[in-house]
Number of protein chains: 2
Amino acid sequence: MKVNRYPQKETWSGFVKRPAIKREKLAEIVAAIFDEVKKKGDQALINFAEKFDSAELKDIKVSEKEVETAENLISEELKTAIQEAKLNITKFHASQIPDIEKIETTSGVVCWRENRAIEKVGIYIPGGTAPLFSTVLMLAIPAQLAGCEEIILCTPPDKNGNVNPAILYTAKLCGVTKIFKTGGAQAIAAMTFGTESIPNVYKIFGPGNQYVVAAKEFAQNYNVAIDMPAGPSEVLVIADENAVPEFCAADLLSQAEHGSDSQVIFLATDENIFNQAILETQKQLEALPRNEMAAESLKNSHFILMNSINEALEFSNLYAPEHLILAVNNFEKYIPQIRNAGSVFLGNYSCESAGDYASGTNHTLPTNGFAKNYSGVSLDSFVKKVTFQNLSEKGLKNLEKTIEVMAEAEGLFAHKNAVSIRLKEQNERI
Amino acid sequence: MKVNRYPQKETWSGFVKRPAIKREKLAEIVAAIFDEVKKKGDQALINFAEKFDSAELKDIKVSEKEVETAENLISEELKTAIQEAKLNITKFHASQIPDIEKIETTSGVVCWRENRAIEKVGIYIPGGTAPLFSTVLMLAIPAQLAGCEEIILCTPPDKNGNVNPAILYTAKLCGVTKIFKTGGAQAIAAMTFGTESIPNVYKIFGPGNQYVVAAKEFAQNYNVAIDMPAGPSEVLVIADENAVPEFCAADLLSQAEHGSDSQVIFLATDENIFNQAILETQKQLEALPRNEMAAESLKNSHFILMNSINEALEFSNLYAPEHLILAVNNFEKYIPQIRNAGSVFLGNYSCESAGDYASGTNHTLPTNGFAKNYSGVSLDSFVKKVTFQNLSEKGLKNLEKTIEVMAEAEGLFAHKNAVSIRLKEQNERI
């Protein structure tokens, strides 16, 4: 926990710096895995599952029966919760489907955009202790709403060759078309090239460890798109004198528990709130059942006392946090000042975990400062926006001079001719 | 010109293949240039201008006076054309500014998205014989509409150290904030790192030669975003018995003249139209004043006779063209079948050059098959869509169970606690 009071602006660049990510060494390992998957297909995936996941697999595809069984393995309570979350996420993402608006830019010239689903998408869900079924919701729901035909999901098996039932249940609920037991860089390679069982896809989504991150970058060399660049998860909380220190501490810890590299920043304008939040964070940390990660992450957290909310927002825009919590009074008036953030939580009752699970917003967000130039995942991430135009003879006539003069000035005579020849024809007929 | 009649579907994969792009050798050259620009800043750019552009520069920044003078160097006719085009491009891109729609996903839980401009963007405009002022329109207009604060433009100087006046005029007209005389990979490096004169930017847009393309990819290693992956320009024309062979030929040639690597595909369902279009293409080619490029590109073009418009659309979706021209009757009924295309031109009078210059749509589009997974440039390319949420106490109470059950099932106890602690507080107070 690094505590600072009213630091000079000149020193801010030190606070907003993210830990450097070294990837050079991974490139070779990832390239070798891609090569192996490209050559040997499913067999390579079976071999890697044995090597990396200690799982003996006969078939990498999750069977219908396994999916059905999964439904009986999880509690009714959890099923209800997942269904409730799905409703809200669906509502919010469905509102992102645009109406088609035809614009007549010039008389006889009509232009518009239509969404077209990316036909084949792949979702990667990491293994490990926490089964991230919430990420299945966040990626499969907009994929299905967008109309993606093939929505495949890859996730590593456990030692017994099984996939966590909550993941299987959620995947089926959200329209995932095929589920495969494969993880790491090999899963990304399989979705890039396709294997006997796994279809290749046009875009790959989802979080993962450093190998998965490097593999997603590498996949772009094969014309596959990815959701966004990756980095450790982050929260920045801004608190005024009306904030509740206990709530702020809980939010900071809920970010810190994601991993030892999680970034946690607390900015307060009230010294009393500031000091209480520090004490409360330590107190709540001790009470957490699984607190090693959070404790480790908190060591690098910054607690900074600020002169004003405006100054705090200036800092936040420089940092460009994945999650920004505004635990301040009259938060409405500060909204226009927010320039760089992935997702913003307003007021004392908008905790990050609401957005992580169930409020309806997406939790796949830009980290590592990428909130300066990238959006989080939304329905838009699963479509292409295709432009259409229809010109009548009269419409083209209205643009004739403009196009001809510009094409000639750019030295593109065939461009000019494509207009002239059409209107010469028209003139002849008139 | 490669002519095929009713090829079997099994053979289509041969037609849709793009030429492989080899970039391995460029990486070293580009890395060295980035290194030099990072170390020496403006001086490196002045040195590179001497080496690559044979230009002796004192200052890489285009002065106010140069911009003013440019206005007097171009014809009134061209100025009027550029202004007309600007009006239409502005109209269409302004229509892409969304209304803010607040969604109450659950009682007391309100979620929405707001656009936030990418604060600093860079536009690259190549040099060479054709001054691409139309690309300045296509990139600077949406940047200004989005509200980008810093819109910088880099373009190589000619031997006399000047920039084409049409580029300067258009840049000023469209709100470009600073213009610099630097081209190639060094311009991309300058916008990535910043120099004494050139601000670093968060996203780089624009076309360029193989060095520029490689440099844009390389810039992504430094957390800069780019508009989209690059490739040679393409058109695919689908014609039925109502198409006009002269128009089709003119459209094919207007694509072919872009460069010797341009991709040109003609699909017809009527043998008569097919044969006439082939003859007409050769005839128009000979009449073109600057036809070396077009002649070279046409050698690799495919003229394919198809069984039906449906079959042609199936082929087109597999190819995923940058530009798709539907020169067919009743084109409306085929629109839903179009899945993969950058921009679509409907009917006999919607020529590609209309969209290239003046109809209002953007001409920066996905090529090389990327229309399967990328959109063209639009207003969206210059903003981040930030999600916001506000939960009342009651709203959080409504989600309490859902979040707590899910967080616990994912083993994230601090996530659960961020909710519990807020509602415990509420309960105590009630």
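Identification of chain A as Histidinol dehydrogenase from Chryseobacterium cheonjiense is taken from an unreviewed UniProt entry. Per its UniProt entry, chain A bears the Function (unreviewed entry) comment "Catalyzes the sequential NAD-dependent oxidations of L-histidinol to L-histidinaldehyde and then to L-histidine." Recorded in UniProt for chain A, the comment headed Sequence similarities (unreviewed entry) runs: "Belongs to the histidinol dehydrogenase family."

**Student:** Explanation requested: the relation of the copies chain B and chain A in the structure shown.
**Tutor:** Superposition of the two copies of the chain requires a rotation about an axis together with a shift along that axis. Mapping chain B onto chain A is achieved by rotating through 180° and translating by 0.0 Å along the same axis, at an RMSD of 0.0 Å. In the structure described here, the two chain copies are related by an operation that fits a two-fold rotation axis. Scanning chain B for the C-alpha nearest the rotation axis identifies Pro-98 of chain B, at a separation of 4.6 Å.

**Student:** What exactly am I supposed to notice about a negative patch on the surface here?
**Tutor:** Side chains of Asp-99 and Glu-101 of chain A together with Asp-99 and Glu-101 of chain B sit close together on the surface and give a patch of like negative charge. Note that Asp-99 of chain B resides in the loop between helix H5 (76-94) and strand E2 (103-106).

**Student:** Which parts of the structure should I look at to understand the state of the cysteines?
**Tutor:** A full pass over the atoms with the stated rule returns zero disulfides over all chains. Left without a disulfide partner, Cys-248 of chain A is nearest to the cysteine sulfur of Cys-351 of chain A, which lies 12 Å away. Lacking any disulfide linkage, Cys-148 of chain B is separated from the closest cysteine sulfur, that of Cys-174 of chain B, by 13 Å.

**Student:** I keep staring at the sheet that holds strand E4 (residues 120-124) of chain A and nothing clicks. Help me out?
**Tutor:** Pairing between sheet strands relies on hydrogen bonds along the backbone, with the strands arranged either parallel or antiparallel. Residues and elements named next belong to chain A. The five strands are arranged E6-E5-E4-E7-E8 in an open sheet whose pairing can be described as parallel. Only two strands of the sheet have a single partner each, and these edge strands are strand E6 (178-181) and strand E8 (225-226). Sheet topology places E4 next to strand E5 (residues 150-155); five bridges connect them, and they run parallel. By the bridge assignment, Tyr-124 is partnered in E5 with Cys-154.

**Student:** How do you make sense of the UniProt feature "active site" (unreviewed entry) in chain A when you look at a structure like this?
**Tutor:** Residues and elements named next belong to chain A. The positions that UniProt labels "active site" (unreviewed entry) are, in the present scheme, Glu-322 and His-323. The class of Glu-322 is buried, set by a relative accessible area of 5%. Along the polypeptide, His-323 turns up in strand E12 (residues 323-327). With sequence-adjacent residues up to four places away left out, His-323 is seen in contact with Ser-233, Glu-234, Val-235, Leu-236, Gln-255, Ser-343, Phe-345, Glu-352, Asp-356 and Leu-365. A polar contact is formed between the side chain of His-323 and the backbone oxygen of Glu-234, at a distance of 2.7 Å.

**Student:** For this particular structure, what's the right way to read the interface of chain B and chain A?
**Tutor:** In many reports, interface size means the accessible area that the parts give up when they come together. Between chain B and chain A, the residue contacts involve 116 residues of the former and 116 residues of the latter. Both faces combined, the contact of chain B with chain A buries some 10300 Å², and carbon together with sulfur accounts for 58% of it. Of the charged contacts, one joins Glu-149 of chain A and Arg-339 of chain B as a salt bridge, the two residues approaching to 2.4 Å between their closest N and O atoms. The interface formed by chain B and chain A holds 77 residue pairs in polar contact (both at pLDDT 80 or more) in total. Residue composition of the side of chain B that touches chain A, grouped by class: 56 nonpolar, 34 polar and 26 charged. Examined bridge by bridge, strand E13 (residues 343-346) of chain A and strand E14 (residues 383-391) of chain B share four bridges and lie parallel to one another. Among the inter-strand pairings, Leu-346 of chain A is bridged to a residue of E14 of chain B, identified as Asn-390 of chain B.

What counts and what doesn't
Residues numbered from 1 in each chain as written. Chains lettered and ligands numbered in written order. Predicted model: local features only at pLDDT ≥ 70, side-chain atom pairs only at ≥ 80, totals over all residues. Heavy atoms only, no water. UniProt positions renumbered as here; feature names shortened; annotations may be inferred. Least-squares fit on C-alpha atoms with pLDDT ≥ 70 in both. Patch = residues over 30% accessible without salt bridge, like charges linked within 9 Å, V, L, I, M, F, W, Y side chains within 5 Å. Areas by Shrake-Rupley, 256 points an atom, 1.4 Å probe, with all protein chains shown as cover. Salt bridge = Lys/Arg side-chain N within 4 Å of Asp/Glu carboxyl O. Lys, Arg positive; Asp, Glu negative; His and termini not counted. Charge placed at Lys NZ, Arg CZ, Asp CG, Glu CD. Helix = DSSP H or I, 4+ residues; strand = E, 2+ residues; numbered from the N terminus. Disulfide = S-S within 2.5 Å. Pairing = 2+ DSSP bridges. Buried < 20%, exposed > 50% of the residue type's maximum accessible area, 1.4 Å probe, protein only. Contact = heavy atoms within 4.5 Å. Polar contact = N/O pair within 3.5 Å; in protein donor to acceptor, adjacent residues only side chain to side chain. Buried area = accessible area lost by both parts, 1.4 Å probe. Nonpolar A, V, L, I, M, F, W, Y, C, P; charged D, E, K, R; others polar.

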